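In case you want the letters, here they are:
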Amino acid sequence: RKKERSIKNMLKDRLPEDLFHILQEAGELGRSLGTQVYAVGGFVRDILMNTPNTDLDLVVEGDGIVFARKLATVIGGRVRAHHKFQTAVLILENGLHIDVATARLEYYEYPAALPTVELSSIKMDLYRRDFTINALAVKLNPGQLGQLVDFFGSQKDLKSGVIRVLHSLSFVEDPTRILRAIRFAQRYQFRIGGQTDRLIRNAMQLDMISKLSGSRIFHELSSIFEEEHVLDCLRSLRDYKVLESIHPLLTLTPVQEELLEELEVVLDWYKLLYLKEEPRRAIVYLLALLNGVAENKILPICERLNLTNRQANELLTLRHHTNKTIYSFKKWRNRRGPLSDLYFLLEELPLEGLLFFMAKFNKEDTRKYLSQYLTQLRGIELDISGTDLQHLGLEPGPRYGEILRKILASVIDGEAACRDDQLFLAKKLVTDPDFMGIEKNMQ
Ligand code: CTP
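Residues numbered from 1 in each chain as written. Predicted model: local features only at pLDDT ≥ 70, side-chain atom pairs only at ≥ 80, totals over all residues.

Some thoughts on the overall build of the protein
Within the protein, the regular secondary structure consists of 23 helices and nine strands. For the protein, the C-alpha radius of gyration of 28 Å lies well beyond 22 Å, the compact-globule estimate for 443 residues. Taking all 443 residues of the protein together, the buried fraction comes to 35%. Once local pairs closer than 6 in sequence are excluded, the contacts in the protein between residues at least 24 apart make up 64%. (Helix = DSSP H or I, 4+ residues; strand = E, 2+ residues; numbered from the N terminus. Rg over C-alpha atoms; globule rule 2.2 N^0.38 Å. Buried ≥ 20, exposed ≤ 12 C-beta atoms within 10 Å, placed from the backbone. Contact = placed C-beta atoms within 7 Å.)

Examining helix H10 (residues 214-225)
Taking 1.5 Å per residue, 12 residues should reach 16 Å; H10 reaches 16 Å between its end C-alpha atoms and fits that length. Buried within H10 we find Ile217, Phe218, Glu220, Leu221 and Ile224. Burial along H10 is one-sided: seen end-on, the buried residues are contained in an arc of 160 degrees. On the buried face of H10, the contacting elements are helix H8 (176-188), helix H11 (230-239) and helix H12 (242-246). (Expected span 1.5 Å × (residues − 1). Arc of directions from axis to C-beta.)

Side note on the site of the ligand
Close to the ligand lie Gly41, Gly42, Asn53, Asp55, Asp57, Arg129, Asp130, Asn134, Asp174, Thr176, Arg177 and Arg180. With three residues, the top contributor of residues to the shell around the ligand is H8. A class-by-class count of the residues in the shell around the ligand yields no nonpolar, five polar and seven charged. Inspection of the shell around the ligand shows a minimum of three residues originating in each of domain 1 (8-160) and domain 2 (161-246). (Near = placed C-beta within 6 Å. Nonpolar A, V, L, I, M, F, W, Y, C, P; charged D, E, K, R; others polar. Domains from an automatic or database assignment.)

Observations regarding the nonpolar core
Ranked by size, the top nonpolar core spans 111 residues in total, and within it Tyr38, Ala39, Leu58, Ala137 and Ala288 carry the most contacts. Examining the composition of this core, we find that eight residues originate from one element, helix H14 (residues 281-289), more than from any other. (Core = buried A, V, L, I, M, F, W, Y, C linked by C-beta atoms within 7 Å.)

What to know about helix H16 (residues 309-334)
Its 26 residues place the ends of H16 38 Å apart at the C-alpha level, agreeing with the 38 Å of an ideal helix rising 1.5 Å per residue. Where H16 is concerned, the buried positions are Leu315, Leu318, Thr322 and Thr325. Where H16 terminates, the next one or two residues include Arg336, which has phi positive at roughly 50 degrees.

Let's talk about the packing of helix H13 (residues 254-271) against H14
At a closest axis distance of 9 Å, the pairing of H13 and H14 adopts a crossing angle of 150 degrees. Judged by the inter-axis angle, H13 sits roughly antiparallel to H14. Every pair of crossing elements has a handedness; the one defined by H13 and H14 is right-handed. Between H13 and H14, the residues in contact are Gln256, Leu259, Leu260 and Leu263 and Val284, Ala288 and Leu289, respectively. Residue composition of the contact of H13 with H14, by class: six nonpolar, one polar and no charged. (Axes fitted to C-alpha atoms, helices over the stretch in contact; angles between N-to-C directions. Parallel < 35°, antiparallel > 145°, perpendicular 65-115°, else oblique. Left-handed = near helix turned anticlockwise from the far one by under 90°.)

Concerning the confidence of the model for the protein
One rule of thumb: low pLDDT means the predicted coordinates there are not for detailed reading. Summing up the model confidence of the protein, the mean pLDDT is 92 and the portion of residues at 70 or higher is 93%. Under a pLDDT of 50 for its full length, residues 113-118 has, in the predicted model, four contacts with residues more than four places off or in other chains. For this predicted complex, the interface score ipTM comes out at 0.96, while the overall pTM is 0.90. (pLDDT = per-residue confidence, 0-100.)

With respect to the environment of Thr325
Tracing the chain through its elements places Thr325 in helix H16. With 20 C-beta atoms counted inside 10 Å, the residue Thr325 sits in the buried group. Put simply, Thr325 and Leu354 are 29 residues apart on the chain and 9.0 Å apart in space, counted from C-alpha to C-alpha. Apart from the residues within four sequence positions on either side, Thr325 is in contact with Leu345, Leu346, Leu349, Gly353 and Phe357.

Some thoughts on the packing of H8 against H10
Closest axis-to-axis distance for the H8/H10 pair is 10 Å, and the angle between their directions is 5 degrees. Between H8 and H10, the angle falls in the class roughly parallel. Judged by residue contacts, Thr176, Leu179, Arg180 and Arg183 of H8 engage Arg216, Glu220, Ser223 and Ile224 from H10. By residue class, the composition of the contact of H8 with H10 is two nonpolar, two polar and four charged.

A short note on the sheet that holds strand E2 (residues 56-60)
If you trace the seven strands from one edge of the open sheet to the other, you get E3-E4-E5-E2-E1-E6-E7, paired in mixed fashion. The sheet terminates laterally at strand E3 (78-82) and strand E7 (148-149), the two strands that pair on one side only. Pairing of E2 with strand E5 (residues 97-102), which is carried by five bridges, proceeds in the parallel orientation. Counted as the bridge partner of Leu58 is Val100 from E5. Along the sheet, helix H4 (residues 64-75) makes contact with E2, E3, strand E4 (87-91) and E5, crossing E4 at roughly 15 degrees. (Pairing = 2+ DSSP bridges.)

What to know about the domain arrangement of the protein
Interface size is commonly expressed as the accessible area that is lost once the parts come together. You can read the domains of the protein as domain 1 (8-160), domain 2 (161-246), domain 3 (248-374) and domain 4 (386-442). Computed over C-alpha atoms, the centres of domain 2 and domain 3 are 27 Å apart. Tallying the contact residues gives 16 residues for domain 2 and 15 residues for domain 3. Breaking the side of domain 2 that touches domain 3 down by element, the ones donating at least two residues are H10, H11 and H12. Per-element tally for the side of domain 2 that touches domain 3: the top contributor is H10, with six residues. When its residues are assigned to classes, the side of domain 2 that touches domain 3 shows eight nonpolar, four polar and four charged.

Here we look at unusual backbone geometry
Backbone geometry at Asp207 places phi at a positive 60 degrees, although glycine is not the residue there. Considering the arrangement of structural elements, one finds Asp207 in the loop between helix H9 (194-205) and H10. For Asp207, a count of 10 C-beta atoms within 10 Å corresponds to the exposed category. Not every positive phi belongs to a glycine, and Asn306 is a case in point at roughly 55 degrees.

Here's what the structure looks like:
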C-alpha cells in the first residue's frame, strides 16, 4: 500500500470548529485507551467531496460502547447503547449524532472466503460496507489524525466518479444497496461501474427485492425522495426493474414522468419562497407516483411498503381532497370569486396537497394565486378575538366562529384592514346576523 495520505488540513478547513475538536477529543481518548479510532463511511466521503455532512460515524478497534460512554464524559451528551451489535449512539446537546461501532474480527463471518486472519479489524469493517466510496476511514489518534485508510481504491473511485461494490455478494447480502447505488450515482452524478451494474442485474434476476421488508424499501425510497434528482433516481429504478419488483403496479409511465417533472419545478419554486414549513417530501412524491394508479390499488401498494393504516389513509384522503380542491379552484377561477373564497377553499389542504395540486394543475395563474395564498393569506390573523365578541355581549355558541370567519373574509378581501374596522364589523354582525360586510352593505 502507498504511503498514507493525510487530510488533516482538509478536515480543519472543511469542518465546523467544534466538530474538528470532537475528532481530536476522540483521538485523544483512543490513545489513552490504547485503541485506534477512525471516522468512517459517508462522513469521510463527504469531506473529500466537499459536501457538508455532520453525521459522524466512528469505528473503534476496541469496545465501542465503553468508548462512547467515556467520550460523553469529555464532550457531554447522552449515550444509547445497543449491546447486541456492540454499537452506541452519542447524542450531543446540539442534536449532533455520533455513531460508535466496534470493529471486531470474529464478528464477521464472510461467505466470500477471505483469508480473514490477514485482515485488521478496520479492514474487515470497511470490507463489509456497500460501496468503495463509503469504505474510507480516517485515523483520529494523535499524531495520525487525518491519515486516510484506503484499502479498496476509494479515492480513485471518488475521483473518477464510480459506484463500485467491494465484493460480488454485496447486493445479495443486502438488496437495499441496489437502491442506494442508484441514489448515490444520481446524487454525485457518478456512474455505476460495469461489474457492479451486472451484479445489480443479477440480483434483480434472483428477485432479491421481494426478499426485502416493506419498511426497509420504504426507508430507502424516503431517502431517495430527499435527494435533489428524485425523478432521475426513479427512472433508474424503473430501468433496473426495481419499481415493478417492489409492486407490479408501481410504474413510471411517460405521463407520470411529466407529472413528476412538474412536481420538481413546483418544489424548487416552493424552496425559493423561503417559508418555514417544509413539505414531507415522501408524501408529495408518493401522491405523484400513485396518481395514475386506480383507487382500489393504492392500499395494496401501501401494504407492500408497510405503511401504517394512518399513513395509507392520509395518502388516500389527501388525494381526494386535492382533486376536490382543484375542481373548486377551477370554478372559483371561472367566476372570478373573491380572494376570501380562495382562502376558504384552500385552508384545509395541507402543504403536501397544495404542492401536489400545483404539480397537477400548473397553469400560469395557479402559481400566482397559490403563492399569494402561501405567502400572504395562509398566516393571516385577525386583530380581534372571541374576547372582543364577548365584550360586545354575544351569547356563547357557534356564532363566535361564524362571525370571526366573516370578519376574516373581509380582512382578506381588503375591507377591514385595522382593528377598528374589524371591531366595527363585529358590532354590526353581533347585532345584525344578516349584515354581509362593509362594502356590500354600503352599496
Ligand atoms: N452502509 C452499508 N450498507 C448499507 C447501509 C450503510 O454498507 N445498506 C454503510 C456505508 O459505509 C455508509 C454507512 O454505513 O457510508 C452509513 O450509512 P448511512 O448513514 O445510511 O449513509 P451515508 O453513507 O452516511 O449516506 P447519506 O449521506 O445518505 O446519509
